[in-house]
Amino acid sequence: MFQISVQYKYLLISIFILMFFLTGGQNSAKTQQQFEKALQYFKLQEYENSIAEIEKLLKKTPDYVDAILLQADVYHEMKKTELEIEALENALRYSQRALIFYRLGKANFSAGSYEKALFNFEKYLKEKGIPDARKTEVQHYIASCLFAIDTIRNPVEFNPERLSENINTINDEYWPSVSLDGGKLVFTRLLRPVGGLPNEDFFIAEFDSDGWGRASPVLEINTPENEGAQALSADGSLLFFTACNRPGGFGNCDIYYSFFNGKKWSTPRNAGNMINSGSWDAQPTITSDNRFLYFSSGRAGGKGKKDIWRAEIITINDNGTIKWNHPQNAGSVINTAGDEISPFIHPNNKSFYFVSDFHPGMGGMDLFLSEIQTDGSFSQPKNLGYPINTHNDEQGLNISFDGKTAFFASQREPGFGLDIYSFELPESVRPEPVSYVKAKITDAESGEVVRAVVDLINLSAGSTNRRTERADEKGEILLCLPLNADYAFNVSEPGYLFYSQSFHLKEQKTLATPEHIEISLNRINVGAEMNLHNIYFETDSFRILSVSEPELKKLVLFLTNNPVLEVEIQGHTDNTGSPEHNLKLSELRAKSVVEYLVLNGIANNRLQFKGFGETRPVATNESDEGRMLNRRTTIKIVKK
């Protein structure tokens, strides 16, 4: 159901047979009867019997073109392309019908014989009276032939490595999904029990210093039916997947989801009739901020057969239900008259990979890259190149957060079925890397887990671009940090001072070191302090910058929710400038914060301010990073 090969359906009787059959009067009645018998076997999909009858015919009458073309049709349905080509080339010995060149061009293209395909397509186009639709189709094939010929002459570096036996077995393994930190791998395994029907199940493995551990089944999600084509959220806590023909479903295949609470996965839920239609809906991928779900669908209103669609998550409720906005078609830059499937969006939320059988490529299903622009539009798709793409079908790509390592499934080694491989992605199609913050939150006194609320605000995009989540049962949370932006990071929980941190990645062009931080929240007691690192001032000035607004609003909310608290606002600087100047500057900055709080409804008699200049550093002043940490605003509880 979810394997890498994509099934196509063809007409049972080709146009060639119909055309030649009408001119078959020169054949004897017995020969014609034998041909009709072979044709009947073909219609019944008894292909071996059809071939046997055809071979009998051609042994007696080798120039019987009707039978040769039927033979080509049978081999086409049997997916024996080389034998199909032999039959069509044999037919050309006895007939120069234009449609034979067309059919031979398609067969050559399927086999990866692009120059031969180009010759036959160009030969076909020289004929007069070709229907416009057919002419457009052939011109599209010619463009793909030219692309493929050039691409093979300029291959990309590609050295796939098969993952260990902890992942790959005698069964088929495919659809790899890797968590943002690279610690979890979820994939589909096709089990073939003796005496039973094949069954697709999910397996999960964890990565440590010894590599990938042995994969184990996801028992809470697996059923006697098939599950597959999944996507794992960046933090590994949410799994979207495809299941078909389940009770209560909306179409023949629907999208489902399950949450991981730190110990086990929740009972899967259907994503609902906003996501699932009466058609085929499958192969989801989720953005690293858990905001958008992309998927492939055969629903009405698309550009072609299967299209890429996008739906926004409005809220994830405490009871585990998801509220969605109406799905939107990804548009005609991505979607074509053919099939677009197998989407994957990199954690940077910009680099979008997908599979198409229509964009110019190597034939079959090819992998493409498109960049999502700031206005939400897609750039022109770029083929990933040869030999990543071949004349066979490729899909199921997943790429690590650093943009270097790609995972996919392929059948490449004799004696093995579909296995999961990794390879280093060529720089020309490599996504911009991301970093991430992985935090564990505890009570500073007891060390117990605190399931606090975490706000991550993209300061470069304005205060409206924010993400709010709660830590899991282990007090842990993982958030993606796309490069080229600055972030404010706040952790809050009733009864505690809130925690403030900042991540400055705006100037980062290469991978930044992921942040692993232990956060100990202090309870609200007299003398307790919290350092705020996201209140910013103009250089050598006490004028507050607008980028400080999210942090200041957080402080206003904290003081509003704790109306009896009295606090001292303390200003601190680095050692740039004279001590006297820094002391005065820090006092003026602390005073500016007090004035902001008063203007936003906090009573003046609850607020004090004091400047300490450079006298209380929390880091060295010998580095830019240290000086940045020393430039801070501190809130001290003086009365409760």
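In this numbering scheme, every chain counts its residues from 1 along its sequence in written order. Given that this is a predicted model, residues contribute local features only at a pLDDT of at least 70 and side-chain atom pairs are listed and counted only at 80 or more, while totals for whole chains, interfaces and linings are drawn from all residues. By convention in this description, side-chain values take in all heavy atoms of the structure and omit both hydrogens and water.

What follows concerns the overall build of the chain. Secondary structure elements follow DSSP: runs of H or I no shorter than four residues count as helices, runs of E no shorter than two count as strands, and numbering proceeds from the N terminus. The helix and strand tally for the chain stands at 11 helices and 33 strands. Expressed as lengths along the three principal axes of its C-alpha atoms, the size of the chain is roughly 110 × 50 × 45 Å. Think of it in three bands: with a 1.4 Å probe and only protein chains considered, a residue is buried below 20% of the maximum accessible area for its type, exposed above 50%, and partly exposed in between. For the chain, buried positions account for 52% of its 640 residues. Side-chain charges of the chain comprise 66 positive and 82 negative groups, with the mean position of each set lying 4 Å from the other. Residues scored as charged are limited to Lys and Arg (positive) and Asp and Glu (negative), so that His and the chain ends carry no count. Charge positions are represented by NZ for Lys, CZ for Arg, CG for Asp and CD for Glu.

Each residue carries a pLDDT score, the predictor's confidence in it, ranging from 0 to 100. With 94% of its residues at a pLDDT of 70 or more, the chain has an overall mean of 90. Mean pLDDT across the elements of the chain bottoms out in helix α1 (residues 15–21) (45) and peaks in strand β12 (residues 292–297) (97).

We call Phe, Tyr and Trp rings a pair once their centres come within 6.5 Å, taking the six-membered ring for Trp, and we label the pair stacked below 30 degrees between planes, edge-to-face above 60, and tilted otherwise. Under the definition given, this model contains 27 aromatic pairs. Arranged with centres 5.0 Å apart and planes meeting at 15°, the rings of Phe121 and Tyr141 form a pair that is stacked. Here the residue Phe121 occupies a position in helix α7 (residues 114–125), and Tyr141 occupies one in helix α8 (residues 132–153), the gap between them amounting to 20 residues. For the pair formed by Phe121 and Tyr141, the shared burial category is buried. Put simply, the rings of Tyr294, Phe352, Phe354, Phe368 and Phe378 pair up and form one aromatic cluster. Positioned over the ring face of Tyr102 is Arg134, at 4.1 Å from the centre of the ring. Above the plane of the ring of Trp280 lies Lys306, whose end atom (NZ or CZ) is 4.9 Å from the centre. Consider the ring centre and the ring normal. A charge sits over the ring if Lys NZ or Arg CZ is within 6 Å of that centre and within 35 degrees of that normal.

Secondary-structure assignment places Ala471 in the loop between β25 (466–470) and β26 (476–482). Classification of Ala471 as buried rests on a relative accessible area of 0%. In the structure, Ala471 is positioned 32 residues away from Ala439 in sequence and 8.7 Å away in space, judged by C-alpha atoms. Throughout, a residue-residue contact means that at least one pair of heavy atoms, one from each residue, lies within 4.5 Å. When neighbours within four sequence positions are excluded, Ala471 is seen to be in contact with Ile441, Val450, Arg451, Ala452, Glu476 and Ile477.

Among the 6 residues in strand β22 (residues 419–424), 5 count as buried, and that is most of the element. At least two bridges found by DSSP between two strands are what make those strands a pair. As defined by bridge partners, strand β1 (residues 161–162) adjoins β22 across 2 bridges and the pair is classed as antiparallel. Each residue of the ladder has a partner; that of Glu161, found in β22, is Ser422. For strand β21 (residues 405–410) and β22, the ladder comprises 6 bridges, and the chain directions are antiparallel. Within β22, the position partnered with Ser410 by the bridge is Asp419.

Below, the discussion takes up the state of the cysteines. Here, the term disulfide refers to a pair of cysteine sulfur atoms separated by no more than 2.5 Å. The tally for this structure, following the rule as stated, stands at 1 disulfide. With a sulfur-sulfur separation of 1.8 Å, Cys244 is cross-linked through a disulfide to Cys253. Here the disulfide of Cys244 and Cys253 is right-handed, its torsion about the S-S bond being about 95°. Neither residue differs from the other here; Cys244 and Cys253 are each classed as buried.

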